[in-house]
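# Observations on chain architecture
Spelled out, the chains give:
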Amino acid sequence: MNVDAKKYWNSYYEEHAFATGKAPLDFLLKMQARMQKGRVLDVAMGEGINSVYLAQKGYKVDGFDISETACRRARELARDTGVELTIKCTDMDMYLLGIMQYDAVIMTYFKPSVLRYYPELIKSLKQGGTLLLESYHVDALEEAIPKEESYRDCYFNTNELLPNLRGMLLLYYHEGKVNGRQVVRCFAKKPIDRHAAKFDLFDMQTKQDKQGKSQQLELAEKLFKK
């Protein structure tokens, strides 16, 4: 775990409790009806505002964040709202993603520091699963971020995201000013693979949770190794 990143984000959340309020992201509100129903992962969930909203909509929500302060607030918000979240205080290096584990993934105001995270997130989506992303565009950057502080970098260059979503169906993509902020917004869907459909792999993570490593999971591992 990046100690500097943990220290920075703990300090940030100590000084900025629910800085933007407790309402979920506007883009999530607009796209939620198009999201695949079921189990969702909230990457770098912060104080859990979007996670709580999705739990209220009937999703089973897993989320993680490197900041202990943010995770504590997320647990408190869930408790006060009367919903359940599965929360881990960790960074992306330590969060284990299964194959076809989630029906949806959301990633807001976080930019993976390592490119391999993108294919791992895509593999974690079930067939037909959806990915929602919103973060800052580099035009919103007010000062250069030193390389050693890359954990503060939530800013995407023009078209930087697109090559990392190869194989996904882009249902919505926008770079530009929204509500006075320069942002990148993306909503994508994982296409249904005919081989996965043939072997009934859509619900394999659920089956694995219930009965250990399933035949479907073994087939999926062979499929993705091709």
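### What to know about unusual backbone geometry
In this model, Met100 sits at a positive phi of 50°, which is unusual for a non-glycine residue. Inspection of the secondary structure puts Met100 in the loop between strand S3 (85-89) and strand S4 (102-108). The buried category is assigned to Met100, whose relative accessible area is 0%. Even without glycine at this site, Asn179 takes up a positive phi of about 50°. Checked against the element boundaries, Asn179 lands in the loop between strand S7 (169-178) and strand S8 (181-189).

### Some words on helix H4 (residues 68-81)
Taking 1.5 Å of rise per residue, 14 residues should cover 20 Å, and H4 covers 20 Å from first to last C-alpha, within 8% of that figure. Those residues of H4 that fall on the buried side of the exposure criterion are Thr69, Ala70, Cys71, Arg73, Ala74, Leu77 and Ala78. The inward-facing, buried residues of H4 abut helix H1 (3-15), helix H3 (49-56), strand S2 (60-65) and S3.

### A short note on the nonpolar core
Leu28, Met35, Val40, Leu54 and Leu85 are the most contacted members of the largest nonpolar core, which has 29 residues in total. Among the elements of the structure, helix H2 (26-31), H3, H4, S3, S4 and S8 are those that each provide at least two residues to this core. Examining the composition of this core, we find that 5 residues originate from one element, H3, more than from any other. Once you skip the residues sitting within four places of it in the chain, Leu54 turns out to touch Leu28, Gln32, Met35, Val40, Tyr59, Val61 and Ile106. Formed by 23 residues, the second largest nonpolar core is a distinct cluster that contains Ala44, Tyr95, Met107 and Leu161.

### Some points on helix H5 (residues 117-124)
Inspection of H5 places Tyr117, Tyr118, Leu121, Ile122 and Ser124 among the buried residues, and these make up the whole buried set. With its buried residues spanning 160° around the axis, H5 presents them on a single face. Tucked into the core, H5 has its buried residues touching strand S1 (39-43), S4, strand S5 (125-137) and strand S6 (155-156).

### Quick look at the side chain of Gln32
If you trace the backbone, Gln32 turns up in the loop between H2 and S1. Judged by its relative accessible area of 8%, Gln32 is buried. Of the polar contacts made by the side chain of Gln32, one reaches the side chain of Tyr59; its length is 3.4 Å. Contact partners of Gln32, with chain neighbours within four places excluded, come to Lys37, Tyr53, Leu54, Lys57 and Tyr59.

Rules used throughout
- Residues numbered from 1 in each chain as written.
- Predicted model: local features only at pLDDT ≥ 70, side-chain atom pairs only at ≥ 80, totals over all residues.
- Heavy atoms only, no water.
- Helix = DSSP H or I, 4+ residues; strand = E, 2+ residues; numbered from the N terminus.
- Buried < 20%, exposed > 50% of the residue type's maximum accessible area, 1.4 Å probe, protein only.
- Expected span 1.5 Å × (residues − 1).
- Contact = heavy atoms within 4.5 Å.
- Core = buried A, V, L, I, M, F, W, Y, C linked by side-chain atoms within 4.5 Å.
- Arc of directions from axis to C-beta.
- Polar contact = N/O pair within 3.5 Å; in protein donor to acceptor, adjacent residues only side chain to side chain.

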